[in-house]
Amino acid sequence: MVNNASAVVDAEHPSAHGDPHSDPFTPPADSSLWRQDFLLGAATASYQIEGAVNEDGRLPSIWDTFSATPGKVLAGDTGAVACDHYHRWEQDVDLLAGLGLEAYRLSTAWPRVMDENGAPNHKGLDFYKRLLGRLKEKNITTFVTLYHWDLPQHLEDRGGWLNRETAYRFVDYADLMSRELHGFVDAWATLNEPWCSAYLGYGNGHHAPGLSNLRFAAQAMHHLLLAHGLAIPVLRANDPRSHKGIVANVGRGTPNSDSAADRRAAELFEVQHNAWILDPLFKGEYPQDLFELWPGSEPLVLEGDMHTINTPLDFLGINYYFRTNVASDGGHGFKDVPLADVERTQMGWEVYPDGLRDLLTGFKDTYANLPPIYITENGMASDDKVIDGRVEDTQRISFLKRHLAAVDQAIKAGVDVRGYFLWSLMDNFEWAFGYERRFGIVHVDYQTQKRTIKRSAELVSKFLEDRKAQAQ
Ligand code: FCB
């Protein structure tokens, strides 16, 4: 699959090879990306890069437990060392700044900054103060996600996101962070991808904590969204100058045929991936179609919850990776029908930039009160190798160019997209796939922790330099 994929890229972009003067990345002159105020940055997440899991009083998270459980993560990899960013953060900030990236999206690790009784851990907090302080010195716009999946294990031991109490503990955590870090953060996101936390974590067991029951998924989602809705006013009170939002992964579902049943299947796919999160956030209700798909899975919702969840936001973060082609399963659901002969990445995910454009324009039409959007993650994994000190990640360069073109099309169609974060700044711990899948624009040698700038990063950097020159 991977070999086929690069063959497709080579055929479409012959100039990417051989000619050292060609630039297969730079957007065309009429692209909105040339706008000086279109923010271009890179993203990471705490558990995927930090390592140092036992240092300075950090408590175990559900991902420490899950990755230590045989069979859960490819090759038995864990985040114990990861990119050793906890110790190498200065070098990593220099790397980011050296590439001229304007913004950095990172997440803070809840188990690093609070103990079991909710008391602050100052050593953990100081780490983030130093990191964010340095980013601000370098004039880098900071997007901080409070929850990118590393739930303290002691909260999971009391039911995790199945327990309504966890939402209130999250508010304590958001309160602490915004009191301690205000002034360092330009934009706060409460949660990263509640779909993954709820569905992969509690619905199908692919992620920590590894439970698999659809009723659990629906209840976990409700408590996640409640945590978000309760935390937003607290963030506003403690840090009024920053922006507040949430990050959702969204999925494009396309019908395998023109039949009514397959078209309905594609609709249901998007209900399950998108409306499940976006309807509560922007309409204050769950899509009833979800319970057609999962009969009997309605969560327990207390009075006022939906109003709390439907709180106004300053931005919506969108993470997009691929589309899924589906057909009716013959009953009330859908089944995946992978297409043959399409370009795929190392993850097996189809490269489908139009999906990003179509989702963005669709959300604009569906939600009257949609806030400004940032693409908070987009990127791809490839089996990148350092050869003679260089990494030629040809497929990624083409991927990024085409997805940025899709963003430009959405902007031209009237969607208010204000920025784009590459996933990821560097290769890192890719959850259940461990270190095998490389998403970085910077290569990491996990034996030596050496960072090598890939060709994609050089080209993004060159574009940013050219854009800056235009401002003068
Ligand atoms: C997203 C996650 C991110 C990374 C990418 C590839 O779902 O938010 O941490 O793993 O996928």
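So, here's what we can say about the structure. (Residues numbered from 1 in each chain as written. Predicted model: local features only at pLDDT ≥ 70, side-chain atom pairs only at ≥ 80, totals over all residues. Heavy atoms only, no water.)

A few words on the sheet that holds strand β10 (residues 373-378). Read around the closed barrel, the eight strands follow the order β1-β2-β3-β4-β5-β7-β10-β11; overall the barrel is parallel. Across the sheet, the mean angle separating the axes of adjacent strands is 25° when strand polarity is ignored. Strand direction decides the pairing type here: strand β3 (residues 141-147) and strand β4 (residues 187-192), joined by four bridges, are parallel. Residue V144 lies in a different strand from β4, and its bridge partner there is W188. Seen against the sheet, helix α14 (residues 353-366) touches β7 (315-319), β10 and β11 (417-423) and runs at an angle of roughly 150° to β10. (Pairing = 2+ DSSP bridges. Helix = DSSP H or I, 4+ residues; strand = E, 2+ residues; numbered from the N terminus. Axes fitted to C-alpha atoms, helices over the stretch in contact; angles between N-to-C directions. Contact = heavy atoms within 4.5 Å.)

Next up on the list: the pairing of β11. Within β11, six of the seven residues are buried, which leaves it mostly tucked inside the rest of the structure. The sheet contact formed by strand β1 (residues 39-43) and β11 spans five bridges and is parallel. Counterpart to L40 in the pairing with β11 is Y420. In this structure, β10 lies alongside β11, joined through four bridges in parallel fashion. By the bridge assignment for β11, I375 is matched with Y420. Chirality of the crossover, the property in question, places the unit of β10, helix α15 (residues 394-412) and β11 among those that are right-handed. (Buried < 20%, exposed > 50% of the residue type's maximum accessible area, 1.4 Å probe, protein only. Right-handed = clockwise from strand over helix to strand, strands pointing away.)

Attention shifts here to the packing of aromatic side chains. Scanning the model with the defined rule gives 34 aromatic pairs in all. Members of the aromatic cluster, each reached through a chain of ring pairs, are Y47, W63, F66, W149, F429, W431, Y435 and Y446. Positioned above the aromatic ring of Y86, the side-chain terminus of R112 is 4.1 Å from the ring centre. One residue, R323, lies across the ring of Y352, its end atom 3.8 Å from the ring centre. (Phe/Tyr/Trp six-rings, centres within 6.5 Å; stacked < 30°, edge-to-face > 60°. Lys NZ or Arg CZ within 6 Å of the ring centre and 35° of its normal.)

A few words now on the site of the ligand. What surrounds the ligand is the set Q48, H148, W149, N192, E193, Y321, E377, W423, E430, W431 and F439. In the model, an oxygen atom of the ligand is placed 2.8 Å from a nitrogen or oxygen of the H148 side chain. Take N192: an N or O atom from its side chain is 3.0 Å from an oxygen atom of the ligand. Using a 2 Å cut-off from the grid points, one finds that the ligand occupies the largest pocket. (Near = heavy atom within 4 Å. Polar contact = N/O pair within 3.5 Å; in protein donor to acceptor, adjacent residues only side chain to side chain. 1 Å grid on protein atoms, 1.4 Å probe; cavity = no way out; pocket = protein on both sides within 12 Å on 5 of 7 lines; lining within 4 Å. Sits in = over half its atoms within 2 Å of the grid points.)

Moving on to the packing of helix α8 (residues 165-181) against helix α10 (residues 214-238). The interhelical angle for the contact between α8 and α10, taken along N-to-C directions, is 25°, at an axis separation of 8 Å. With respect to α10, the axis of α8 lies roughly parallel. When you trace α8 past α10, the crossing you get is right-handed. Note on element contacts: α10 touches α8 through H223, L226, A227, L230, A231, V234, L235 and N238, opposite A167, Y168, F170, V171, A174, D175, S178 and R179. (Parallel < 35°, antiparallel > 145°, perpendicular 65-115°, else oblique. Left-handed = near helix turned anticlockwise from the far one by under 90°.)

Within the largest apolar cluster, 133 residues are counted, with the highest numbers of intra-cluster contacts made by W63, L101, Y147, W161, F170 and W276. With 11 residues, the top contributor of residues to this core is helix α11 (residues 260-283). In this view, W63 contacts Y47, V73, W149, H207, A208, F429, W431 and A432; residues no more than four positions away in its chain are not counted. Counting 16 residues, the second-largest nonpolar core is a separate cluster that includes A189, Y321, Y374 and A381. (Core = buried A, V, L, I, M, F, W, Y, C linked by side-chain atoms within 4.5 Å.)

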